[in-house]
Amino acid sequence: MDLKSLSSYSEMVDREISRYLDREVDELYEPLRDLFARGGKRIRPFLCMVSCEAVGGKKEDALKAAAAIEMVHNFTLIHDDIADRSELRRGQPCLHHKYGLGVAINAADGLFSTAYEVLGDTLADGDGRVFKTLSGGITEVCEGQAMDISWVQNRRWDLSEEDYFEMIRRKTGALMSASCETGAIIGGGTERQIRALSDFGMDMGVGFQIHDDVLNLRGDVKRYGKEICGDINEGKRTLVVIYTLSVCTPKEKKRLIKILDRERNSQEEINNALGIINRYGSVDRATDIAKNLVEKGKKGLKALPDSRARETLRDAADYMIERKL
């Protein structure tokens, strides 16, 4: 995908978000301005606006909804970082490290409420379907996060790949699906087109997350913006880990679980875990699954009329699993 194309949408969204964060109570808005100033891919608002264009609408019509979606996404990231005890977000200390736990939680809550203010401004005449779509997506994100947290708290390692997909469809897929669906609704798409874009967003979201898990193990911290192998220290139940545990020897399984259950590991222990994972080709297998999901999603776009926007969505799908950051 032409990153200049992505950045042009991102700049529109950032300007719109800035309008709502340029307010006087710095105790609330300064941490949020800091977070958004760090940049980000803005994939979800991009998908919202291009989906609107793909069914014949104008990207400007979906701009506020797109900005609201990005606000909601960042609200979840702030809380995720706290729950996961993460250190870095976009190459800088997470908000709870930089400003304190209470400030970070409150900032996230303020961002969530502001998102609905933004959405309300663009839907002044009322569009219950858009609100229902986004609210449903947000609820599913919370459901997925609850599953993820519960597995770690209860030291669940008896998980299947289907358990993982059920969780990640909620935690990551649901909001990308809602982003595409919202854009299609605002653009006046047919029911077939709206469903096709919703399904496309779900496939992209799951593929995106699997690739993100891969980057966590193989990426460059300067480009990735988060600590490399942080998922190992956090004991994340990723597709890579679940598969490895299902095929490795009992001795390797015991060793890997011991490392994953620790809150912090030495570099030697992390390397030991990576050695077990790589011995079974688990990372390459996860990459192949992500690619297959993307191809499935791209095929569903045939329900849309031939247009530059449709091709942009296809390019975006490829970018999801080719990106290095």
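The structure presented is a predicted model; accordingly, all values stated were derived computationally and were not measured.

## Focus on the packing of aromatic side chains
- Tallying each qualifying case throughout the model produces five aromatic pairs.
- Seen in terms of ring centroids, phenylalanine 112 and tyrosine 116 are 5.5 Å apart; in terms of plane orientation they differ by 55°. Their pairing is tilted. With a gap of four residues between them, phenylalanine 112 and tyrosine 116 both fall in helix H6 (residues 101–122), about one helical turn apart.
- Of the residues examined, phenylalanine 112 reaches a relative accessible area of 27% and is grouped as partly exposed.
- Residue tyrosine 116 is classed as partly exposed on the basis of its relative accessible area of 24%.
- By the ring-pair criterion, three or more aromatic residues cluster together here, those being Phe75, Phe112, Tyr116 and Phe131.
- Stacked on the ring of phenylalanine 208, the Lys or Arg arginine 44 has its end atom at 5.6 Å from the ring centre.
- Positioned over the ring face of tyrosine 9 is lysine 59, at 4.8 Å from the centre of the ring.

## Quick look at the environment of glutamate 252
- Along the polypeptide, glutamate 252 turns up in helix H13 (residues 250–261).
- Leaving out residues up to four positions away in the same chain, glutamate 252 has contacts with Ile276, Arg279 and Tyr280.
- Within polar-contact distance, the side chain of glutamate 252 engages the side chain of arginine 279 at 2.5 Å.
- Here tyrosine 280 takes part through its side chain, which lies 2.5 Å from a polar atom of the side chain of glutamate 252.

## Structural notes on the environment of aspartate 284
- Following the sequence through the fold, aspartate 284 ends up in helix H15 (residues 282–300).
- What makes aspartate 284 partly exposed here is its relative accessible area of 43%.
- Sequence separation of aspartate 284 and arginine 129 is 155 residues, and the distance between their C-alpha atoms is 40 Å.

## Focus: unusual backbone geometry
- Phi is positive for arginine 42, which is not a glycine, with a value near 55°.
- Along the chain, the position of arginine 42 falls in the loop between helix H2 (26–37) and helix H3 (43–54).
- Since its relative accessible area comes to 3%, arginine 42 is described here as buried.
- Non-glycine residue arginine 155 carries a positive phi angle of around 50°.
- Mapped onto the fold, arginine 155 is located in the loop between helix H7 (128–153) and helix H8 (161–186).
- On the basis of relative accessible area, arginine 155 is assigned to the exposed category, the value being 55%.

## A word on the pattern of salt bridges
- With the rule as written, the count across this model stands at 31 salt bridges.
- As a salt-bridge pair, glutamate 162 and arginine 169 come within 2.7 Å of each other at their nearest N and O atoms.
- Among the salt bridges present, the one from lysine 298 reaches aspartate 318, with a minimum N-O distance of 2.8 Å. One end of the pair, lysine 298, is in helix H15; the other, aspartate 318, is in helix H16 (residues 308–322), with 20 residues separating them in the sequence.

## As for the packing of H3 against helix H4 (residues 63–84)
- In contact at an axis separation of 8 Å, H3 and H4 are set at 155° when each is read in the N-to-C sense. Taken together, the axes of H3 and H4 lie roughly antiparallel to each other. In the packing of H3 onto H4, the handedness of the crossing is right-handed. Residues Arg44, Pro45, Cys48 and Met49 of H3 pack against Leu63, Ala65, Ala66, Ile69, Glu70 and His73 of H4.
- Grouping the constituent residues of the contact of H3 with H4 by class yields seven nonpolar, one polar and two charged.

## Remarks on the layout of surface pockets
- Counted as a void, the second largest pocket has a volume near 530 Å³.
- Ala83, Arg85, Val152, Glu234 and Glu263 are the residues nearest the centre of the second largest pocket, which is lined by 21 residues in total.
- For the lining of the second largest pocket, the secondary structure elements donating two or more residues are H4, H7, helix H11 (230–233) and H13.
- Here the element with the most residues in the lining of the second largest pocket is H7; it accounts for four residues.
- Partitioning the lining of the second largest pocket into residue classes produces five nonpolar, four polar and 12 charged.

Here is what the cut-offs are and how they apply
Residues numbered from 1 in each chain as written. Predicted model: local features only at pLDDT ≥ 70, side-chain atom pairs only at ≥ 80, totals over all residues. Heavy atoms only, no water. Phe/Tyr/Trp six-rings, centres within 6.5 Å; stacked < 30°, edge-to-face > 60°. Helix = DSSP H or I, 4+ residues; strand = E, 2+ residues; numbered from the N terminus. Buried < 20%, exposed > 50% of the residue type's maximum accessible area, 1.4 Å probe, protein only. Lys NZ or Arg CZ within 6 Å of the ring centre and 35° of its normal. Contact = heavy atoms within 4.5 Å. Polar contact = N/O pair within 3.5 Å; in protein donor to acceptor, adjacent residues only side chain to side chain. Salt bridge = Lys/Arg side-chain N within 4 Å of Asp/Glu carboxyl O. Axes fitted to C-alpha atoms, helices over the stretch in contact; angles between N-to-C directions. Parallel < 35°, antiparallel > 145°, perpendicular 65-115°, else oblique. Left-handed = near helix turned anticlockwise from the far one by under 90°. Nonpolar A, V, L, I, M, F, W, Y, C, P; charged D, E, K, R; others polar. 1 Å grid on protein atoms, 1.4 Å probe; cavity = no way out; pocket = protein on both sides within 12 Å on 5 of 7 lines; lining within 4 Å. Points joined across faces, edges and corners; volume = space filled by probe spheres on them.

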